[in-house]
Each structure stands twice: as structure tokens, then as C-alpha cells.
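An overview of the molecular structure
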Amino acid sequence: MLPSIGIVKVLCESLKKFPVQALVVDPVLVSTSGDTLSASSTLSVYRDELFAMADIVTPNVKEASRLLGDVSLHTVSDMRSAAESIYKFGPKYVLVKGGDMPESSDAIDVFFDGKEFIELHGHRIKTHNTHGTGCTLASCIASELAKGATMLHAVQVAKNFVESALHHSKDLIIGNGPQGPFDHLFKLKCPPYNVGSQPSFKAEQLFLYAVTDSGMNKKWGRSIKESVRAAIEGGATIVQLREKDAETREFLEAAKACMVICKSSGVPLLINDRVDIALACKADGVHVGQSDMSASEVRELLGPGKIIGVSCKTPAQAQQAWNDGADYIGCGGVYPTSTKSNNPTLGFEGLKTVCLASKLPVVAIGGINASNASSVMELGLPNLKGVAVVSALFDRECVATETRNLRSILTNTCSRT
Ligand SMILES: Cc1ncc(COP(=O)(O)OP(=O)(O)O)c(N)n1
Ligand SMILES: Cc1ncsc1CCOP(=O)(O)O
Ligand SMILES: [Mg+2]
């Protein structure tokens, strides 16, 4: 908070003398409760000197309005115009935060890099405990930049963090003011998000992604647990339970048993579609498609430490998955498949288009087997980290043997390319 023109000037002088690696300017001019926090005289020096040095400026809508001579900002389109106008003062990026916009189910922020506008959608958490959210967001962006993140990624991580912290503090009752504080340390207190137990997702884990199928298990007289054990024995690097026909009670029991196997092998276990099962068995994550719950809703339910995958067939879907805080995308069918009905085949061209556009690691899926997996990986596409396979592992007599064979094919291919 820079209350006077003199203080802003001292800061600018100091920054010239001691340049920093990244400068995040949160122009604290108007609080969420409407209080003025900085004299009007500071506006011109903010605009003319400080913003030009900033990597990113992060006003809320009230601050954006004040910076632009009290223009009225009521819609997302107004926020875009404001971001564009503030960009002209010289920062490399602008984030106009819409958390204070009139009631809507989403909290939409507008990110502008000078060329492209990106709407970042978050959930509006109903709570009075919002004191300090802007400061936290800006500090979190700075922390992520210090860790080497790109600006958009830093903003996305920060937004997810603030949203999760708000969610976990929404019912706190502290103090008498109209706004309460929120809890930045929620991760330490809330058992599912206990820092020590958080799986940290690594894109390399997508290398050989085994996806189970209840029909195939029945056909070969195997339990889900036996299939998962065999896939891990053969070298699967991540497992998804895709049990479309299973009864909930039975599925949950099986999922819990699979979690024990996966945990002891250090292989992440994800659940297809069913967030309820994932929560109940404390799975490492969930995979959702375009007609399932959105990744941002899944993130809200699972919390920040879990892995979320989204099926994407287009660059727009890949961008949305990133915006929603997903960890990876599944792209396919690369080849025709009889495992998923009515699934369009994208071919290599479709896979390439999505991989090139994606900001997230990609796993290819659909009709992939021991005969064609090399051709997929040999494409050498950016972000393509592995293959996801159902029938070539599970519609076979010996799951462990098929998995081992495919793993060695992939390893040989990737060591050559
Ligand atoms: C790794 C991976 N990629 C894509 C899918 C397909 O998910 P979705 O489109 O939701 O279809 P269903 O699997 O639910 O039928 C996947 N499961 N895994
Ligand atoms: C779930 C899914 N999503 C896109 S294709 C597909 C099925 C992949 O199965 P298979 O490996 O047997 O072709
Ligand atoms: Mg699905």
C-alpha cells in the first residue's frame, strides 16, 4: 500500500537503483469494502512511472476504474477494455480482477498480454472472509515467478490458491468487522491437503497410462484389483479406473484396494468421471471429458494437490483445460477404437494441432497398441508425454506381459528419438 505520491516516487527511484527480477504491482487504491487507500494525487505517478516498470499490474475493478478516471466497469467486456487501457501505461501484463463484480456464479478475471485476452474463471465462494485476497494473489504471483513460472501460469496458480484458501476459510468466525480474514495456511490443517501426503504430479508419469475397463475385466474373469496389480507389475506409470458399469459400493471397495497397491508402488491412481469415488478412496486424481464435470469444478471439490486430466480434441478445449487448472490433457482417438463408442478419430494431424496449442502435458489415446505406439511417440510432438491404452493391455490374456512389452517398446522408441 503506497498512500502518498512521495512514497511511490521513493519506490520508483529504489527500483531503478536496485532492479528486481520481476515486479508485481497490486495498485492498492480501493479496498474490497470500498475504502480509499491511496490519495488521488498518487494516480498519475502510479500510471506514469511505476506501471512502466511493472511486469504485471493487478487492479480490481474499482481500482481499474479509478486508474482510468472513474470509468464505469460493469461487464467482462468493460474489464477487457480497462485491461487494454492500463496495458498502454507500460506493464508487460495486466490482470483485471472481477471478484467484486456484481453477483454471478463465476469470479472472472481478465488477463491481457498485449495481444490476447484470457478470461480466467473461478468459483465465487460465498463468504465474508475475503480480507487480504488481493494482496495474497499478488504475492502468490510473485512467488511463482520467482520459482520460474511463466506469467499466465503464475496467475493461474495464484488464482487457484486464493480460491482454495477462500473455500477452506469460508466458515471462519474471527473479529467483528464486515470482512473477516482468510486462512493462507489451510493446507497444514486440512487432512486431505496435508502437505506431506500431496502427490506432486510429474508429466513423465503419463509415459504408459493404463486405463481399465470393467467389460474387459469381466470377459477375462479378472477383478479390477488384479488388473491394476498386473498393469503395475508390467510397468504402467499411471493408472485410471474407467469402470463405466460398476455399482458404486462395489466400485468404491475396489478403488480403495487399488489405492493400496498404487500407493505402495508409487504409481498415481486416477478415477474416470466419478469425483465422489475419488474423494471417498482418496485417489490421486480424476479424469474428466467434455461432457463430464468441468475441471474447475473438480478442482474445487478435490483441492489443489490432486491430479486432474481433461479429454481435449481441439486447441480451444486445451486452453480451457489450462484455464480451469487441469494438470494434463488426454487427446484422441488417435486411431479408431472400439472401446469408446462414437469417438471421432483425430489422426496424427488432430493430435499435432492439440499438442502444439497445449500449455499442459498431453497423453495420446485411442487404438494405441504395441504395433503403433512407436509411430505416435516418434512424431516427437511438443508436450506429448506418453500413451494411454485400454484394450491393448486389458483385452488380453496376460495384462502384465502386454504392459511390459509396450513399456519396453516405448522406452526403446524414446531413447532413439
Ligand atoms: C487419459 C484419458 N484420455 C481421455 C479419456 C476419455 O475421457 P472422456 O472423454 O470423459 O470419456 P470416458 O472415458 O469418460 O468415456 C480418458 N478416459 N482417459
Ligand atoms: C477412453 C477413450 N477416449 C478416447 S479413445 C478412448 C478409448 C481408448 O481405448 P483403446 O486403447 O482400447 O482404443
Ligand atoms: Mg468421461
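Please refer to the structure higher up on the page.
Let me sum up the structure you'll find in this document. (Residues numbered from 1 in each chain as written. Chains lettered and ligands numbered in written order. Predicted model: local features only at pLDDT ≥ 70, side-chain atom pairs only at ≥ 80, totals over all residues. Heavy atoms only, no water.)

Our focus in this paragraph is the overall build of the protein. Counting its secondary structure elements, the protein contains 17 helices and 13 strands. Considering the protein as a whole, with its 417 residues, one finds that 51% of them fall into the buried category. At a minimum sequence separation of 6, the contacts of the protein that also span at least 24 residues come to 63%. Accessible surface computed for the protein: about 18900 Å², of which carbon and sulfur atoms make up 54%. (Helix = DSSP H or I, 4+ residues; strand = E, 2+ residues; numbered from the N terminus. Buried < 20%, exposed > 50% of the residue type's maximum accessible area, 1.4 Å probe, protein only. Contact = heavy atoms within 4.5 Å. Areas by Shrake-Rupley, 256 points an atom, 1.4 Å probe, with all protein chains shown as cover.)

In this structure, G333 follows G332 across a cis peptide bond, with omega equal to 0 degrees. One non-glycine residue, D70, lies in the positive phi region at around 60 degrees. Of note in this structure, K282 is not a glycine but carries a positive phi near 55 degrees.

In space, the 5 strands of this open sheet follow the order β1-β2-β3-β4-β5, with mixed pairing throughout. Strand pairing shows two members of the sheet lacking a second neighbour, β1 (24-25) and β5 (117-123), which therefore form its edges. Note that strand β4 (residues 106-112) and β5 share 7 bridges and pair antiparallel. Pairing of A107 across the sheet is with G122, part of β5. Contacts from helix α6 (residues 151-169) reach β2 (56-57), β3 (93-97), β4 and β5, with the element oriented near 15 degrees to β5. (Pairing = 2+ DSSP bridges. Axes fitted to C-alpha atoms, helices over the stretch in contact; angles between N-to-C directions.)

What follows is about the site of ligand 2. Taken together, R242, T337, T339, K340, N343, I365, G366, G367, V389, V390 and S391 make up all the residues around ligand 2. In the model, an oxygen atom of ligand 2 is placed 2.6 Å from a nitrogen or oxygen of the G367 main chain. Interatomic distance of 2.6 Å between a side-chain N/O atom of S391 and an oxygen atom of ligand 2. Within the complex, 92% of the 380 Å² of free accessible area of ligand 2 lies under protein. Across the shell around ligand 2, the residue classes break down as 3 nonpolar, 6 polar and 2 charged. (Near = heavy atom within 4 Å. Polar contact = N/O pair within 3.5 Å; in protein donor to acceptor, adjacent residues only side chain to side chain. Nonpolar A, V, L, I, M, F, W, Y, C, P; charged D, E, K, R; others polar.)

Around ligand 1 lies a shell of 16 residues, among which Q240, R242, K244, D292 and S311 are the nearest. Q240 places a side-chain nitrogen or oxygen 2.9 Å from a nitrogen atom of ligand 1. N272 places a side-chain nitrogen or oxygen 3.1 Å from a nitrogen atom of ligand 1. Burial of ligand 1 by the surrounding chains reaches 91%, relative to a free accessible area of 420 Å². Breaking the shell around ligand 1 down by element, the ones donating at least two residues are β9 (285-288) and β12 (362-365). Within the shell around ligand 1, the residues separate by chemical class into 5 nonpolar, 6 polar and 5 charged.

Attention shifts here to the side chain of N323. Relative to the assigned elements, N323 resides in helix α13 (residues 315-323). N323 sits in the buried class, given a relative accessible area of 5%. Setting aside anything within four residues of it in sequence, one finds N323 in contact with I118, E119, L120 and Q156.

Glancing now at helix α4 (residues 76-87). Here α4 spans 16 Å end to end across 12 residues, near enough to the 16 Å set by a 1.5 Å rise per residue. Of all the residues in α4, the buried ones are M79, A82, A83 and I86. For α4, the arc enclosing every buried residue in end-on projection is 100 degrees, short of the 170-degree limit, so these residues lie on one face. In this fold, the buried residues of α4 make contact with α2 (42-53), β2, α3 (61-67), β3, β4 and β5. (Expected span 1.5 Å × (residues − 1). Arc of directions from axis to C-beta.)

Looking at the metal site, the magnesium ion (ligand 3) is ligated by D273 (OD) and D292 (OD), spaced 2.1 Å from it. Of this pair, D273 sits in the loop between β8 (269-272) and α11 (275-281) while D292 is found in the loop between β9 and α12 (295-302), placing the two residues 19 residues apart along the sequence. Using a relative accessible area of 30% as the deciding quantity, one classes D292 as partly exposed. (Donors = N, O, S within 2.8 Å, 3.2 Å for Na, K, Ca; no water.)

What follows deals with the packing of aromatic side chains. With the rule as written, the count across this model stands at 8 aromatic pairs. Seen in terms of ring centroids, Y87 and F112 are 5.3 Å apart; in terms of plane orientation they differ by 75 degrees. Their pairing is edge-to-face. Placement of Y87 in helix α4 and of F112 in strand β4 is noted, with a sequence separation of 25 residues between them. The exposure class of Y87 is partly exposed, given its relative accessible area of 29%. Aromatic pair F201 and Y328: ring centres 6.0 Å apart, planes at 35 degrees, arrangement tilted. Of the two residues, F201 sits in the loop between α7 (186-189) and β6 (208-211) while Y328 sits in strand β11 (residues 328-332), which places them 127 residues apart along the sequence. Residue Y328 is classed as buried on the basis of its relative accessible area, which comes to 0%. Taken together, the ring pairs in this structure connect Y46, F51 and F89 into an aromatic cluster. (Phe/Tyr/Trp six-rings, centres within 6.5 Å; stacked < 30°, edge-to-face > 60°.)

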